[in-house]
Amino acid sequence: MTDVAVEKDQDSLGVLAWIGIGIVSVAIFLAVFSPWLIPYDPTQATENVSTPPPPLSAWPSLFWQTIVGDGPTPHWFGTDASGLDVFSRTIEATRTDLIIALSANIVSVIIGVSLGVISGYFRNIWTETLLRTSDLLQSFPVFITAMILVALAGRSWVNIVLAMSFLYAPIYLRLTRTEVLALRDRSFIEAARALGKTEFGIARQHILPNAIGPSLIQFSVTIGFAILLTAGLSFVGAGVRPPTPEWGSMIATGATQLVLGDWWPSLFPGIAISVTVFGFAVCGHILEKRYGR
Amino acid sequence: MADSTNTVLSARGLSVQYANESPTLSDINMDIAAGEIVGLTGSSGSGKSTLAYALLGLTRRGAQITNGEIYFGRNDLLALSDVELEDIRGRDIALIVQNPRSALHPMYQVGRQISRVYQTHRGSGGAEAHQRAIEMLRLVGINDPERRADAFVHELSGGMAQRVLIALALSTSPKLLIADEPTSGLDVTVQAQFLDTMWETSRKTGTAMVLVTQEPGILANYCDRVIELDAGRVSKDVSASEFVSTSMLHTTQATSSGQGEGQNRAPLLKVEGLRKTFPLRGTKKVVQAVDDMSLSLFAGESVGLVGESGSGKSTVGRCLLKLLDSDAGKITFDGQDLGVVSGEALRRVRQRIQIVQQDPYDSFDPRWTIEKSLLDPLEIHQIVPPTEARAAIEEGLKRVSVDASVLGRRPKDLSAGILQRVAIARALLMKPDFLVLDEPTSMLAPQDRHIILDVLKRLRTELGLSYLLISHDLTSVASACDRVVVMYLGQVVEQGPTTEIFEKPVHPYTKALIGAHLEENPKTRRVDRTDRVDLEGEIPSPIDLPVGCYLATRCPQATEACDKERQVLSSFSSHHDVRCMRAGQLELDKAS
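None of the values given here were measured: they were computed from a predicted structure.

Asker: Go over the sheet that holds strand β22 (residues 576–578) of chain B, please, and point to the residues and values.
Answerer: Residue and element names in this part refer to chain B. Ordered in space as β16-β17-β18-β13-β19-β20-β22-β21, the 8 strands form an open sheet in which the pairing is mixed. Every interior strand has two partners, whereas the edge strands, β16 (353–356) and β21 (570–573), have only one. Shown here is a sheet whose adjacent strand axes are inclined to one another by a mean of 25°, direction ignored. Two elements, strand β19 (residues 483–488) and strand β20 (residues 491–497), share 6 bridges in a ladder whose sense is antiparallel. For Val485, the partnering residue across the bridge sits in β20 and is Gln495. Helix-sheet contacts for helix α15 (residues 416–429) involve β16 and β17 (434–438), and the interaxial angle to β16 is about 170°.

Asker: Talk me through unusual backbone geometry; I want residue IDs and the actual numbers.
Answerer: Residue Pro243 of chain A is bonded to the preceding Pro242 of chain A through a cis peptide linkage, with omega at 10°. Structurally, the position occupied by Pro243 of chain A is in the loop between α10 (213–235) and α11 (247–258). The backbone phi angle of Ser50 of chain A is positive, close to 50°, even though this residue is not glycine. Position of Ser50 of chain A relative to the elements: it lies in the loop between α2 (15–37) and α3 (59–68). What makes Ser50 of chain A partly exposed here is the crowd of 16 C-beta atoms within 10 Å. Despite not being glycine, Asp27 of chain B has its phi angle at roughly 50°, a positive value. Take Asp27 of chain B: it is sitting in strand β2 (residues 25–33).

Asker: Which residues make up the packing of helix α5 (residues 125–139) of chain A against helix α7 (residues 157–183) of chain A, and what values do they have?
Answerer: Residues and elements named next belong to chain A. Contact geometry of α5 with α7 gives a least axis separation of 9 Å together with a crossing angle of 125°. Judged by the angle between their axes, α5 and α7 are oblique. Considering the relative orientation of α5 and α7, their crossing is left-handed. Where α5 approaches α7, its residues Ser134, Leu137 and Gln138 are matched on the opposing element by Leu167, Pro170 and Leu173. Taken together, the residues of the contact of α5 with α7 break down into 4 nonpolar, 2 polar and no charged.

Asker: Explain the interface of chain A and chain B to me, and be specific about the residues and the numbers.
Answerer: Taken residue by residue, the interface counts 14 residues in chain A and 20 residues in chain B. With 6 residues, helix α8 (residues 187–194) of chain A is the largest single contributor of residues to the side of chain A that touches chain B. Residues belonging to the side of chain A that touches chain B are distributed by class as follows: 6 nonpolar, 4 polar and 4 charged.

Asker: So what about the pairing of strand β10 (residues 233–239) of chain B? Which residues, and what values?
Answerer: Residue and element names in this part refer to chain B. Both strand β9 (residues 225–230) and β10 contribute to a ladder of 6 bridges, which runs antiparallel. Bridging across to β10, Val226 finds its partner in Val238. Where β9 hands over to β10, the hairpin turn is made up of 2 residues, of which Ala231 adopts a positive phi near 50°.

Asker: Describe the sheet that holds strand β7 (residues 176–180) of chain B, and please don't skip the residues or the numbers.
Answerer: Residue and element names in this part refer to chain B. Spatial strand order, β6-β7-β8-β3-β9-β10: 6 strands in an open sheet with mixed pairing. Edge positions in the sheet fall to β6 (93–96) and β10, since each of these pairs with one other strand and no more. Between one strand and the next, the sheet's axes are offset by a mean angle of 20°, whatever the strand orientation. Against the sheet, helix α7 (residues 158–170) touches β6 and β7, its axis set at about 170° to β6.

Asker: How would you explain helix α9 (residues 199–211) of chain A if you had to name every residue and give the values?
Answerer: For the α-helix, the turn length of 3.6 residues means that residues three or four positions removed from each other point alike. Residue and element names in this part refer to chain A. With 13 residues, α9 should reach 18 Å at 1.5 Å per residue; the first-to-last C-alpha distance of 16 Å falls well below that figure. Listed as buried for α9 are Ile202, Ala203, His206, Ile207 and Ala211. On its buried side, α9 packs onto α4 (86–121), α7 and α8.

Calculation criteria
- Residues numbered from 1 in each chain as written.
- Chains lettered and ligands numbered in written order.
- Predicted model: local features only at pLDDT ≥ 70, side-chain atom pairs only at ≥ 80, totals over all residues.
- Pairing = 2+ DSSP bridges.
- Helix = DSSP H or I, 4+ residues; strand = E, 2+ residues; numbered from the N terminus.
- Axes fitted to C-alpha atoms, helices over the stretch in contact; angles between N-to-C directions.
- Contact = placed C-beta atoms within 7 Å.
- Buried ≥ 20, exposed ≤ 12 C-beta atoms within 10 Å, placed from the backbone.
- Parallel < 35°, antiparallel > 145°, perpendicular 65-115°, else oblique.
- Left-handed = near helix turned anticlockwise from the far one by under 90°.
- Nonpolar A, V, L, I, M, F, W, Y, C, P; charged D, E, K, R; others polar.
- Expected span 1.5 Å × (residues − 1).

Next up, the structure:
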């Protein structure tokens, strides 16, 4: 009887959930297809410097013009002080930010989960040391540490990914280890051992698949944070090098123009960050509610 | 409407239904006479708990009493207002629920909880209520009730908490007591103590009782009448003796040892002086799980290892497979010292010794289908060529009478009984010489228990399998084992042939354990026996064990010497060993 009730509850996702899923889908779509969607080269300056976006009332007619190919494509979000098209850059930056955040998370899940399985299943002095080290890492303020690491290693996106993986791996390590500790005393692990499975075989075939769930839920939440961190690093000048389009650095360059009343170069990437992070956070929350404990 | 003055409660046409579903209970008619103990039984899902609660006018969330009347005295309970009902519940009808620890409030002393109920329903003063609480605690057999009344629930053992619950329920002298599986999860001796207390109190106070249980032993020993439910309807309403004679699936009897007693052969498995302790975190102390355990088992023999929880019997089983490393002692399997094997050699030995665990749902990877769980070990040991693997597992399932259609399912989709048989099949696929069965039936309903035991007995004759059956359920051991080993606090206290142990136990602990065993026979009711040996007090902590005999603190026959002298397991008669220096003396006393 209760099963029926639970199923019903799971079947109907709330409005919020659909909004979250929608945002994430759009973000992924933009990241994949941005070269075909953007009207201007995001790194090539136009002669129109600091053009404000057209007023909303003019958008329908401009849109029509663009479709029939009559006249130049308007700068929907205006241009910045160097004459770069904000619309094209905001879209293109989805790709930059998503790739960095995703890669960093994939790397940290791989490292964190495998170390988590090892440290939870084989408990000895080495895994204890590993655990303490990871605790130590987690106690550093993420942003500052990432900034220092990138500054030391050099500002390339590979280094940013590595620095972030280094900082996020302990989250997955902890999560996985907690699961493994509960799993290792379960009867089916003992049964597998009695049936002649090797310890490595048990860890890989029984422990890992049963322990990975919470990490996959965390994955979605952490992507949001990672986007925020990527943008934050660029904002303070420790991220990807300009003119690579990136939301954080766009906000930073736009910020210098804010005093002159040019709000558009910062506002649009700002909105993009908030919406994307919100979308991933909602999705993480949904996954947690449905599959988490 | 109560047709005789003797009737306490009668239900007429009672139906309970969850919204939009077929009725959980339909048209129940039953009467309960004063002072009568009625067993309410039926398979799981038959509606027995629902009925027990419905008698109080209660239902679970989402359910509704759709029809019927419940007459309690002159009142129809279902026609009363909530306020009037509240007054009757607790005062005239009391309830004992399954889990005693969670039923008591953790923040109040137990005595205070009893006196509060008494004050509420009897309107007495505080001092009088407190007096009553102490009186009730004494009545249910709690030593030193003045002090225990000030205890909190976490300071009490499970058995004692259960007794406090009876005291609480009986404090207002109710006319009817409803107990919903009150002994599930308790050890046999504690269960017997508890049921004795309940039975005696009911006889003393004339309280009628409804006892919800699936255990045939409890029905046979403590109930006057049995009502059986089947799919929400009363399928039987007969006296306990009639119920037992008509519906017990099996009569328990010790098996004669079918295999020739080959004492000249070398034993298949030999354990000598096994010791296992677990360090206690943060201290230098250790928990002594197994201490000086010796055991031998011959090919084709089945041995039962019995004892209460905490006696170390499961630890022994796990040491045999080297799933746990022992601290001391020697385990020899087929001439091979298990202490020195490791790696590949250990895996080969383990193929020959298999284990079936207690909780079937926990012993399969929840993500794997049954097919995968069965194929995987076959691949590891390459017992059959891959092309024949599928046929082999189907054959293996047939051996335990499970249909091959389960192969595509996952553990959670199967019933506990079937899954446990699949676990046996999985172990047997390894073609073991020896099987350790660690409480294989304790999580199962009585019917499933019988099936498992039948399967085991059949496999023994078919395959010549030897096994060690670890169990606290003496009925299982009596029916499926040639020999019995009794453990208490990590030591073997007595071992011998099944019939001898059950009919002529020597060690006082064995006597108490056998005495607590509820046979499915109303003619040998425990409450009627006069020669019962009951132990006093609680089981000592395995951290600070007594110096002398471990049982000395609880043994009715203990002398001063028992407190000081360590006991050794010595031969009492041929094939019968006892760890008690007074064993011979006790037998002489009995004879004279």
